[in-house]
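The primary structure of each chain is shown beneath.
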Amino acid sequence: MLQDILVTGLVNGGVYALLAIGFSLIFGVARIVNIAHTAFYMLAAYCFYTLLVKTGLGFLLSGVIAVGAVTLFSVICYRLVIEPVREHEAAVLIATIALALIFQELMLFTFGGHFLGIPSTLEGAVRFLGVSIPYQRLLILVVAGVSLAAVWFVLYRTRLGLAIRATANDLEVANLMGMNVHRVAMATVAISVALAAVAGVVVAPVFVVDPFMWLAPLVTMLAIVVLGGLGSLKGSLIGALIIGYVEAITVFAVPAGAYLKGAVALMIMVAVLLVRPEGLFGVAFEEER
Amino acid sequence: MLRSFTIGLAAFAVALGAQAQTIKIAILGPMAFVQGENHWAGAEMARDEINKAGGINVGGKRMQIELIRADTNEIQSVPDATNAIERVITRDKADFLIGGFRSEAVLAMQEVAMDNKKIFLGAGAAHSKLGQNVEENYNRYKYWFRYTPTKDVDLARTLFAVMASIAQQIRTELKTDTPKVALLAEKAVWTQGLIGAAQKNLPAMKMEVVGLWQPSATATDVTAELSAIDRAGAHIVFTMLSGPVGISVARQMGERNMKAVAWGINVEGQKDEFWQAAAGKAQFVSTLDTYAEVEMTPRTIPFVRAFKERYKKMPTYNAATYDAIIMLKSVIEKESTLDADRLVAAIEKIEHVGTGSIVTFDKRHDLVWAVGKTAGIAVQWQDGQKVPFWPPNVKGMKPFKLPAR
């Protein structure tokens with residue numbers, strides 16, 4: 001059973017990490033509470049499905065177009081919906097909830113309430129420690145690792161990353177220093193949604209595509225980002241692995257309570273927050289101010 | 001001025017007359033989902049067939065059927081469902097109500113229909129409470145009849161009958177006396193009774209229950225559950241799944257090359273789109289179902305073929321709206337009336353040969369359960385095709401297959 005938990009937790013943690021990285025970036029770094037984040041992930045999955053299954057484009061081309069189109073769309077949404085109310089966090093929250101619901105209803109109208117499947121990019125499975133792991137899940141782990149490295153590189157090794165971090169740290173000072181904070185925020189949204197779209201393209205083949213697929217990951221992502229620490233990509237990765245392992249342990253230890261795995265993960269998050277309110281790797285709120 | 005008024009009055013009278021020539025039947029279902037699509041498709045076929053043949057003969061007067069499409073959106077919202085049924089009764093003046101899918105929503109809609117003394121023929125919900133209401137307060141709830149499916153308790157009887165047949169095949173082919181069964185049930189009210197029954201009955205049927213796993217109905221990832229089931233050495237995964245988790249289970253069992261075979265209720269597995277949704281990984285997944293090209297009744301094969309020709313897909317059990325309308329026509333013509341009370345009495349006595357079942361109603365206005373009549377069929381996905389395999393004595397059934405070991 002131990003090897004099952006080790007392998008299953010790692011693979012599921014990788015899936016969550018891929019979804020959480022982009023969420024962490026926009027939620028933690030840019031201070032934009034984008035509830036529509038996982039709705040963009042859903043849009044990318046639908047876009048990928050349409051291009052791959054309906055029009056017959058290849059995996060790579062479908063994936064690239066889906067990520068590009070959704071990223072571009074997110075920038076338009078940002079300019080039209082988020083930017084005008086960005087100063088008011090509550091308004092941003094409500095606006096992004098509205099966006100997510102609009103996307104959901106649009107997909108429901110266009111595709112109906114059908115559950116759609118996307119073929120695996122990589123077929124087959126490998127046995128590791130006696131546990132069967134499909135190649136598609138290993139691909140997700142690899143993409144999660146590469147995405148994390150890419151985001152770290154952009155944030156800590158480029159001028160754009162410096163501007164994003166500076167803007168996140170103190171928007172007014174960054175503005176006074178001559179940075180175009182609106183463009184920086186827009187770039188952050190684009191990077192963040194691009195990551196969500198990559199997640200949609202890579203993760204969708206192991207899940208089911210439907211108009212409500214954005215809801216469950218949203219709760220898990222919130223838990224991971226808060227558990228790991230706001231704005232900490234490392235925290236998101238560790239948080240994702242913790243949640244992945246907690247869920248695996250729950251299922252293996254209490255099979256009849258498998259449906260509780262989400263609740264147990266949230267309880268772990270609450271327990272950690274009681275001890276460290278800033279999360280595992282977050283910056284203390286007092287210091288931020 | 002007077003001339004215009006006269007013409008207007010005449011047009012109004014003609015319109016009223018035309019209106020009186022139709023029987024309005026509201027089809028209630030979640031129209032954005034497969035269930036509602038099938039509700040509507042079955043009803044359309046019945047309407048077209050009846051209207052083309054001259055309509056319904058009500059005491060010598062020919063009346064056409066007019067369908068009212070009512071999107072209940074009940075999968076997402078129960079209040080939307082009650083609003084929909086209120087609207088078709090009060091604004092659209094529906095004479096009869098057919099449809100419904102989600103038990104919670106149908107229970108709420110049942111109340112509205114009974115308030116208005118409208119005959120409501122259920123075509124989707126299985127919860128026992130719907131029939132129990134009739135038994136407990138007949139005068140209020142007598143207008144409700146469950147045309148399909150059988151109530152939840154009877155679904156369990158069918159499941160165990162098929163399970164016995166599969167277990168016997170496993171004993172013969174795998175040389176094991178006591179097949180191991182893993183219970184995989186979504187966490188929902190409707191599965192609780194089935195789980196209890198399985199834990200009690202399967203050991204008595206010489207099967208070993210190796211564990212119970214309960215993912216959420218909307219879970220997209222069941223790899224941990226399947227790892228544990230694999231480890232437990234199960235021969236059969238007894239599924240009780242109505243939500244999209246049914247697709248995840250099928251797909252991930254296929255991806256893991258599991259040797260266990262899935263049998264039970266997998267609502268998603270009843271749909272034509274299932275194989276594609278599971279990315280072609282649902283080999284050997286089996287489920288209860290209603291329609292296939294087999295001779296359940298003399299009307300099954302012609303209906304299934306006509307449905308496939310018109311809609312390019314197989315009907316699901318919700319398409320029994322077709323049968324419900326045909327049955328309604330039969331009792332209206334027999335009684336020569338649209339009076340609800342007289343029609344209720346007639347429906348209570350009817351034996352109706354439908355397209356998927358031979359229907360008689362008990363005192364709860366539930367279907368009388370019988371293998372070969374109302375118990376339905378069992379199907380297995382084999383190489384992208386839904387293959388019927390039970391009841392074995394029905395013409396057209398094919399062999400059930402186990403995964404290679």
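This report concerns the structure included in the present document. Quick caveat: nothing in here was measured; it's all calculated off a predicted structure.

## A short note on the overall build of chain A
Counting its regular elements, chain A contains 12 helices and two strands. Listed N to C, the secondary structure of chain A is α-α-α-α-β-β-α-α-α-α-α-α-α-α in terms of helices and strands. Relative to the compact-globule value of 19 Å for 289 residues, chain A shows a C-alpha radius of gyration of 19 Å, a close match. With respect to the three principal axes, the spread of C-alpha positions in chain A is 60 × 50 × 35 Å. Within chain A, the fraction of its 289 residues that count as buried is 53%. Considering only contacts in chain A between residues 6 or more positions apart, those separated by 24 or more positions represent 74%. Total accessible area computed for chain A in this model is approximately 12,400 Å², and 72% of it derives from carbon and sulfur atoms.

## Thoughts on the overall build of chain B
From N to C terminus, chain B includes 14 helices and 15 strands. The C-alpha radius of gyration computed for chain B amounts to 23 Å, which stays within 12% of the reference 22 Å derived for 405 residues, consistent with globular compactness. Overall, chain B is about 90 × 40 × 40 Å in size when its C-alpha atoms are taken along their principal axes. Within chain B, the fraction of its 405 residues that count as buried is 60%. As displayed, chain B offers around 15,400 Å² of accessible surface, 54% of which is attributable to carbon and sulfur atoms. Measuring between centres, the 49 positive side-chain charges of chain B sit 3 Å from its 43 negative side-chain charges.

## So, the sheet that holds strand 11 (residues 286–289) of chain B
Residues and elements named next belong to chain B. Taken together, three strands build an open sheet; the order of strands is 11-14-15 and the sheet is antiparallel. Strand pairing shows two members of the sheet lacking a second neighbour, strand 11 and strand 15 (385–390), which therefore form its edges. This sheet shows a mean twist of 40 degrees between the axes of neighbouring strands, independent of strand direction. The sheet contact formed by strand 11 and strand 14 (residues 377–382) spans four bridges and is antiparallel. Bridge pairing in strand 14 links Leu-288 to Ala-378.

## Quick word on the pattern of salt bridges
Residue and element names in this part refer to chain A. Enumeration over the complete set of coordinates arrives at 27 salt bridges over all chains. A salt bridge links Arg-276 to Glu-278; the shortest N-O distance between them is 3.3 Å. Judged by its relative accessible area of 32%, Arg-276 is partly exposed. Glu-278 sits in the buried class, given a relative accessible area of 18%.

## Focus: the environment of B:Arg342
Residue and element names in this part refer to chain B. Tracing the sequence through the fold places Arg-342 in helix 14 (residues 340–349). In this structure Arg-342 comes out as partly exposed when scored by relative accessible area, which is 44%. A sequence separation of 97 residues divides Arg-342 from Val-245, and the C-alpha atoms of the two residues are 44 Å apart. Not counting the four nearest positions on each side in its chain, Arg-342 is found in contact with Glu-335 and Thr-337.

## Notes on the interface of chain A and chain B
At the junction of the two partners, chain A supplies 38 residues and chain B supplies 32 residues. In total, chain A and chain B occlude about 2,900 Å² of area from one another, counting both sides; carbon and sulfur atoms represent 52% of this. Summed over the three residues of chain A that lose the most area to chain B, namely A:His114, A:Phe115 and A:Tyr259, the buried surface amounts to 20% of that side. The tally of links between chain A and chain B comes to two salt bridges. Among the salt bridges present, the one from A:Arg137 reaches B:Asp221, with a minimum N-O distance of 3.0 Å. Elements represented by at least two residues in the side of chain A that touches chain B include exactly helix 1 (2–29), helix 2 (37–54), helix 4 (89–111), strand 2 (131–134) and helix 10 (233–253) of chain A. Split into classes, the residues belonging to the side of chain A that touches chain B amount to 22 nonpolar, 11 polar and five charged.

## Quick look at the packing of helix 5 (residues 135–157) of chain A against helix 6 (residues 159–169) of chain A
All names here are of chain A. Helix 6 packs onto helix 5 with a crossing angle of 80 degrees between their chain directions and a minimal axis gap of 5 Å. Here helix 5 lies roughly perpendicular to helix 6, going by the angle between them. Touching Val-154, Leu-155 and Tyr-156 of helix 5 are Leu-160, Gly-161, Leu-162, Ile-164 and Arg-165, all from helix 6. Of the residues belonging to the contact of helix 5 with helix 6, the class tally is six nonpolar, one polar and one charged.

## Description of the sheet that holds strand 8 (residues 208–213) of chain B
Residue and element names in this part refer to chain B. The four strands are arranged 8-7-9-10 in an open sheet whose pairing can be described as parallel. At either end of the open sheet lies a strand with only one pairing partner, and these are strand 8 and strand 10 (261–266). Across the sheet, the mean angle from the axis of one strand to that of its neighbour is 20 degrees, orientation sign disregarded. Where strand 7 (residues 180–185) lies against strand 9 (residues 236–241), five bridges are found, and the strand directions are parallel. In the sheet register, Val-181 faces strand 9, and the bridge partner there is Ile-236. Contacting strand 7, strand 9 and strand 10, helix 7 (residues 152–174) runs over the sheet at an angle of about 170 degrees to strand 10.

## Notes on the environment of B:Leu328
Residues and elements named next belong to chain B. Residue placement: Leu-328 occurs in helix 13 (residues 321–335). The class of Leu-328 is buried, set by a relative accessible area of 1%. Separated by 76 residues in the primary sequence, Leu-328 and Ala-404 have C-alpha atoms spaced 48 Å apart. Other than its neighbours up to four places away in sequence, Leu-328 contacts Ile-25, Phe-96, Ile-98 and Leu-121.

## Here's the deal with the environment of B:Val209
Mapping B:Val209 onto the fold places it in strand 8. Along the primary structure B:Val209 and B:Ala279 are separated by 70 residues, whereas in three dimensions their C-alpha atoms are 30 Å apart.

## Here we look at the packing of aromatic side chains
Residue and element names in this part refer to chain B. This model, assessed by the stated rule, comprises 20 aromatic pairs over all chains. Taken together, a centroid distance of 6.2 Å and an interplanar angle of 75 degrees make the contact between Trp-263 and Phe-389 edge-to-face. Here Trp-263 is found in strand 10, whereas its partner Phe-389 is found in strand 15, with 126 residues between them in sequence. On the basis of relative accessible area, Phe-389 is assigned to the buried category, the value being 7%. Seen in terms of ring centroids, Phe-303 and Phe-307 are 5.9 Å apart; in terms of plane orientation they differ by 50 degrees. Their pairing is tilted. Of this pair, Phe-303 and Phe-307 both sit in helix 12 (residues 300–311), separated by four residues, roughly a single helical turn.

Rules used throughout
- Residues numbered from 1 in each chain as written.
- Chains lettered and ligands numbered in written order.
- Predicted model: local features only at pLDDT ≥ 70, side-chain atom pairs only at ≥ 80, totals over all residues.
- Heavy atoms only, no water.
- Helix = DSSP H or I, 4+ residues; strand = E, 2+ residues; numbered from the N terminus.
- Rg over C-alpha atoms; globule rule 2.2 N^0.38 Å.
- Buried < 20%, exposed > 50% of the residue type's maximum accessible area, 1.4 Å probe, protein only.
- Contact = heavy atoms within 4.5 Å.
- Areas by Shrake-Rupley, 256 points an atom, 1.4 Å probe, with all protein chains shown as cover.
- Lys, Arg positive; Asp, Glu negative; His and termini not counted.
- Charge placed at Lys NZ, Arg CZ, Asp CG, Glu CD.
- Pairing = 2+ DSSP bridges.
- Axes fitted to C-alpha atoms, helices over the stretch in contact; angles between N-to-C directions.
- Salt bridge = Lys/Arg side-chain N within 4 Å of Asp/Glu carboxyl O.
- Buried area = accessible area lost by both parts, 1.4 Å probe.
- Nonpolar A, V, L, I, M, F, W, Y, C, P; charged D, E, K, R; others polar.
- Parallel < 35°, antiparallel > 145°, perpendicular 65-115°, else oblique.
- Phe/Tyr/Trp six-rings, centres within 6.5 Å; stacked < 30°, edge-to-face > 60°.

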